[in-house]
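Examining the three-dimensional arrangement
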Amino acid sequence: MVADSAAQIKQLQAEIAELKRENARLTALNNRAEEKLFAALDGNGLCLWEQHVPSGNLTLFNVKWGELLGFSREELRAHVDSWKSKLHPEDKDWVIKAFEDHVNGKADYYQVVHRMLHKDGSITWVSDRGRIVERLPDGTPLRMMGSHIDITQEKRYELDLARLAHSDPLTNLMNRQAIAKAFDELLQPGQRGALFFIDLDGFKALNDHHGHKFGDNLLVHVAHSLVEHSGAQAKIARLGGDEFVIVLLSSDIEALGMLAQSLLDVYRQRFLLDGCEVAISLSIGIDIFEYGDRFTQSCDRADAAMYRIKHQGKNGYSFSRNESSIDR
């Protein structure tokens, strides 16, 4: 009996040792698999998360909780309410609705691209996707798993491209394409508007004398002046060179004349720019356009009115229409 018991114990010890070795082997394989998975996830900037739906508690597997937004775990509780609190105010309602639609069975999965608020006040763009992976016997959601990708750099690049496609890179005003689109969308049937065509007097001489950098700074100065004096509703563009356009939803001749005069007055006196004394003026042509007019038509009429001022000695404004022919 003693011998049989000793043999059984020895056999059990051998089996336990074998199980330990197998467990160690499987643990090592699991660790290596996790290392490969997390390396792949980190390389793609992708974070895996899990939510315990009844409690709202969140678990992040390959990054520290709060790290993506600059918070420590002590500053930001790992909970769905903390996530909701950091959603961008303009995105919060629709993102939460998309999330809850999936939890409530109204959508097959949760997938959104939205903004979140970083600890430093900046905006982080993220791509979120998730789905319910486990339910209670009665169908109540128990666990939800998903991925979270920081796409801030990609989104900034996308927004920069969109901005470059519609704005002048030097002055940040609209470009020709953008102002033409704004022109087409400005009026409703029966309305009239105004287009200012502005050319700088003496710009080429200053640019040639002081250099292109000085010329660029002067164009930026003029752009700021146009924005400052034209009002929040004005659409302002640089067409190229030293030519600018302002489009307004107004046909009040007196008010338009006052605006033109205020722009002329900005450059009535010499001023200092980059340590140099600058003398420059504006020639302005103004066209009153109607619903259905094309941008190129109005621009050509305002351009012709502007050249009339150029031929009369520069530094003034003129309306293009005969019924509004005012030269100042």
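Further up the page is the structure itself.
Okay, so let's go over this structure. Treat the numbers as computed from the prediction; the structure is a model and nothing was measured. (Residues numbered from 1 in each chain as written. Predicted model: local features only at pLDDT ≥ 70, side-chain atom pairs only at ≥ 80, totals over all residues. Heavy atoms only, no water.)

The strand order 2-1-5-4-3 describes an open sheet built from 5 strands, whose pairing is antiparallel. The open sheet is flanked by strand 2 (57–60) and strand 3 (110–117), the only strands paired with a single partner. The average undirected angle you get between the axes of adjacent strands in this sheet is 30°. Note: strand 1 (residues 46–52) against strand 5 (residues 141–150), 7 bridges, orientation antiparallel. Bridge pairing in strand 5 links Gln51 to Met144. Across the sheet, helix 4 (residues 152–166) is in contact with strand 4 (123–135) and strand 5; its angle to strand 4 comes to roughly 130°. (Pairing = 2+ DSSP bridges. Helix = DSSP H or I, 4+ residues; strand = E, 2+ residues; numbered from the N terminus. Axes fitted to C-alpha atoms, helices over the stretch in contact; angles between N-to-C directions. Contact = heavy atoms within 4.5 Å.)

Next up on the list: the sheet that holds strand 11 (residues 281–290). Ordered in space as 7-8-6-11-12, the 5 strands form an open sheet in which the pairing is mixed. Every other strand in the sheet has two partners, leaving strand 7 (235–240) and strand 12 (316–319) as the edge strands with one partner each. Strand-to-strand, the axes of this sheet are offset by a mean angle of 20°, without reference to chain direction. Two strands pair when backbone bridges link them, and strand 6 (residues 192–201) and strand 11 are joined in this way by 10 bridges, in the antiparallel orientation. By the bridge assignment for strand 11, Leu200 is matched with Leu282. Each of strand 6, strand 7, strand 8 (243–248) and strand 11 is contacted by helix 5 (residues 176–186), which is oriented at about 145° to strand 7, the strand it contacts most.

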